[in-house]
Amino acid sequence: MTTDGSRQRSWWGWGWEEQQLDAAALGGLGSMVVERFGVTPRDPVRPDLAGVDVPEPRLEVPDALAALVTADGEDRVRHSRGNAFRDVARTLSGTLPRIVDAVVRPADADDVERLLDWCGDAGVVCIPFGGGTSVVGGVNPPADPRPVVSLDLERLDAVTDVDPVSLAARIEGGALGPTIEDQLRPHGLTLRHFPQSWEFSTLGGWLATRAGGHYATLATHIDDLTESIEAVTPSGRWTSNRLPGSGAGPSPDRMLLGSEGALGVVTAAWMRVQRRPVFRSQATVAFGSFSRGLGAVRELAQSGLYPANCRLLDPHEAMLSGAAAGDASVLVLGFESADHPLEPAMARALELTADHGGRCPDGPKHRTGDRPSARSASPLLDTGTSEGGSAAWRRTFLSAPYLRDGLVRLGMVVETFETATTWDRVDELIATLRETASATATRLAGSAVVSTRITHAYPDGAAPYLTVIAPAGERDPVALWDEVKAAVSDEIVTAGATITHHHAVGRDHLPWYLRQRPDPFGAALAAAKRELDPAGVLNPGVLVPTT
Ligand SMILES: Cc1cc2nc3c(=O)[nH]c(=O)nc-3n(C[C@H](O)[C@H](O)[C@H](O)COP(=O)(O)OP(=O)(O)OC[C@H]3O[C@@H](n4cnc5c(N)ncnc54)[C@H](O)[C@@H]3O)c2cc1C
């Protein structure tokens, strides 16, 4: 979807072109860079499509598929990058390493099957493309001598069936977050899966990457909401039974969850949906130290209260998001339910946080009633009123990708990394990662800011998420980030944590994923890839090494 009629998608960066920072906002951001880093930022790069070298397409499409295919240059550029810092920096500087040869938009699963047959016969690589919000090189064309097509699922965008008895819905793989909620809302239902990229990412992309939504406990990953999956593989169709649970061997759905377009194309799935929440309660709790906040999060995660939102921000994140002044760590806490009032749960949660020195001077806020949500208005973490630190944090959370793009235009490195580990190691891991990221970025850039939040909390562990901002100066920002990323990724894997809690493996995390996963499992995965995709046309280089 490049336009919604009134707005145009950015061809080089995040989201809507109209919401990218204007000259005045870039000027303000530049002043902030001078103040915080003591360096003068570069003059803002002007996005210029003419600066991107788009080669002639290297393939001839058969007549039977021609109506589905475009070789338009801008379309090909849009489909040759994801939405990581690297992607934005390379697109802006016209240094995308490769451009796909064509974009294909199938109308149904039969089209997908015909396309995969042709790719196998003609020796063409096929990269499934949902919203293109991958931050791990998942949709970027690989270094492969074969021509490459991007398979964009945007025409498969409907909620085709709703089962109100079982609370499930069949949703097509190319449906974007807002489309899904718009089509479920008249039934009084919600999928309740809201990654930060919700507005521009798809069900198929979430399933293929095991995306994490922004509810902090219980059903954190899309896996937990999946009832059955329909896919097309080069070796045939794949449809699992709709089941609430099953002990019949390894799960077919689990094999496709996180398969990153390498095993099959997800065309639809039956998903567990929920009645829309009516009761909401929220609070913002301040802590004297991040470590004390962590103790409170652990206790909450182990209490059986299961808050919908339980996000701990260090002082820097709290200040940047407007949730607090910057002198305290802040826990953004929220509960929601379609069934029962939440005052007792919130009261108990605040007792637990107080035991760890948490202060909630404004008290909790409770609200009852569904909130009608326009397509443009994200329901992300709509756990309370429009006032207070939590609301400020939510607004910043949604505009952050546009700020990131502005900083990239000024020559800054701005990127995140995330992981998960068990509670016995969380404190130590965060300290190690902060130190490694900060020392490496400061050595390379002269100065750096590293901030930390906890995005998801489990009874046995948590998911830390770190952001690094540094001025690249005269250096290549992408090469600078690559060094920081390699240093922190080494530490993550050495510590026995995961190379990704929800961003997926893609091409960028592959070296560390190979160290993390058991070798026999790697061999079994490679065998599954050979069986399902014998010609190796589907997204080569993700999950399974090509050599
Ligand atoms: C600003 C920002 C915020 C983000 N926030 C979150 C977050 O909160 N939680 C989170 O989990 N991730 C987040 N991400 C990462 C990204 O949004 C997720 O990985 C998302 O699931 C990708 O969905 P997509 O539809 O954009 O897929 P794409 O980026 O198009 O594709 C991702 C991968 O899935 C494959 N794929 C896509 N569709 C299909 C299909 N139908 N069948 C088979 N394979 C397919 C692709 O080949 C590729 O390997 C964020 C990214 C950005 C830029």
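Numbering of residues begins from 1 in every chain and follows the order in which that chain's sequence is written. Two thresholds apply to this predicted model, a pLDDT of at least 70 for residue-level local features and 80 or more for giving and counting side-chain atom pairs, whereas whole-chain, interface and lining totals are computed over all residues. In computing side-chain values, all of the structure's heavy atoms are included and hydrogens and water are not.

A. Structural context of the site of the ligand. A single heavy atom is enough: if one lies within 4 Å of a molecule or strand, its residue is considered near that molecule or strand. By nearness alone, 35 residues border the ligand, and Pro 128, Gly 130, Thr 133, Ser 197 and Thr 202 come closest of all. Separating an oxygen atom of the ligand from a backbone N or O atom of Ser 134 is a distance of 2.8 Å. Polar contact is defined as a pair of N or O atoms within 3.5 Å, subject to the rule that within protein one atom must be able to donate a hydrogen and the other to accept it, and that residues adjacent in sequence are counted only when both atoms are side-chain atoms. Between the ligand and the protein, one listed contact pairs an oxygen atom with a backbone N or O atom of Gly 138 at 3.3 Å. Here the Shrake-Rupley method, with its probe set to 1.4 Å, supplies the accessible areas, and only the displayed protein chains count as covering residues. Here the ligand, which alone exposes 970 Å², has 97% of that area covered by the protein. Think of it this way: any DSSP run of H or I at least four residues long counts as a helix, any run of E at least two long counts as a strand, and we number them from the N terminus. Elements with a minimum of two residues in the shell around the ligand: β3 (125-129), α7 (203-209) and β10 (265-272). Per-element accounting of the shell around the ligand gives the leading share, 5 residues, to α7.

B. Representation of the packing of aromatic side chains. The criterion for an aromatic pair is that two Phe, Tyr or Trp rings (for Trp, the six-membered ring) have centres within 6.5 Å, with stacked assigned to planes under 30 degrees apart, edge-to-face to planes over 60 apart and tilted to the rest. Throughout the structure, instances matching the rule amount to 4 aromatic pairs. Relative to Phe 200, the ring of Trp 14 lies with its centre 5.2 Å away and its plane at 85°, an arrangement referred to as edge-to-face. Pair noted here: Trp 14 is in the segment before α1 (23-37) and Phe 200 is in the loop between β7 (189-190) and α7, with a separation of 186 residues, a long-range link. The residues Trp 14 and Phe 200 share a single accessibility class, namely buried. Where Phe 194 meets Tyr 215, the ring centres are 5.9 Å apart and the plane angle is 55°; that geometry is what we call tilted. Burial classes follow relative accessibility: with a 1.4 Å probe on protein chains only, a residue under 20% of its type's maximum area counts as buried, one over 50% as exposed, and anything between as partly exposed.

C. The arrangement of the packing of helix α9 (residues 290-301) against helix α11 (residues 343-355) in detail. In this analysis, axes come from line fits to C-alpha atoms, helices being fitted only over the stretch in contact, and the angle between any two N-to-C directions falls in the range 0 to 180 degrees. Closest axis-to-axis distance for the α9/α11 pair is 8 Å, and the angle between their directions is 145°. The chirality of how α9 crosses α11 is right-handed. Residues Arg 292, Ala 296, Glu 299 and Leu 300 of α9 form the contact with α11, whose own contacting residues are Ala 349, Leu 352, Thr 353 and Asp 355. The class makeup of the residues in the contact of α9 with α11 is 4 nonpolar, 1 polar and 3 charged. Less than a right angle of anticlockwise turn of the near helix away from the far helix marks a crossing as left-handed, whereas a clockwise turn marks it as right-handed. The contact definition used throughout considers only heavy atoms, calling two residues in contact when any of these lie within 4.5 Å. Following the grouping adopted for this structure description, the nonpolar residues are Ala, Val, Leu, Ile, Met, Phe, Trp, Tyr, Cys and Pro, the charged ones are Asp, Glu, Lys and Arg, and the polar ones are all others, Gly among them.

D. Local environment of α1. End to end, α1 covers 21 Å across 15 residues, agreeing with the expected 21 Å (1.5 Å per residue, within 8%). Looking only at α1, the buried set comprises Leu 26, Leu 29, Gly 30, Val 33 and Phe 37. The buried side chains of α1 occupy one side of the element, clustering within an arc of 105° when seen end-on. Exposed and oriented more than 90 degrees from the buried face of α1 are Ala 24 and Glu 35. Of the residues one or two after α1, Gly 38 is the one with positive phi, at around 65°. Under the convention used throughout, the expected extent of a helix is 1.5 Å for every residue step, that is, one less than its residue count. Think of the arc as the fan of directions from the helix axis to the C-beta atoms.

E. Structural context of the nonpolar core. What is meant by a nonpolar core is a set of buried Ala, Val, Leu, Ile, Met, Phe, Trp, Tyr and Cys residues, joined one to another through side-chain atoms within 4.5 Å. The biggest cluster of nonpolar side chains holds 42 residues, and the ones touching the most others in it are Phe 417, Ala 437, Val 468, Leu 480, Trp 481, Val 484 and Tyr 513. Counting only elements with at least two residues in this core, the list comes to α4 (85-92), β16 (412-418), α13 (423-445), β19 (461-471), α14 (477-494), α15 (510-516) and α16 (519-532). For this core, the leading source of residues is α14, giving 7 residues. Annotation comment: domain bounds sourced from an automatic or database domain assignment. Per-domain counts for this core show at least three residues from each of domain 1 (50-152) and domain 4 (410-516). Those residues within four positions of Ala 437 in sequence are excluded, and the remaining contacts are Phe 417, Val 450, Val 468, Val 484 and Val 488. One finds Leu 167, Tyr 215, Ala 231 and Leu 263 within the second-largest nonpolar core, a separate group that totals 30 residues.

F. Representation of the sheet that holds strand β9 (residues 236-239) within the structure. Ordered by their spatial adjacency, 5 strands build an open sheet running β5-β6-β10-β8-β9, and the pairing between neighbours is antiparallel. The sheet terminates laterally at β5 (159-163) and β9, the two strands that pair on one side only. The sheet shows a mean angle of 10° between the axes of neighbouring strands, direction not considered. Note on pairing: DSSP must find at least two bridges between two strands before they are called paired. As paired elements, strand β8 (residues 226-233) and β10 share 6 bridges and run antiparallel to each other. Across the sheet, Thr 226 pairs through a bridge with Met 271, a residue of β10. Across the face of the sheet, helix α5 (residues 109-122) comes into contact with β8, β9 and β10 while running at roughly 40° to β8.

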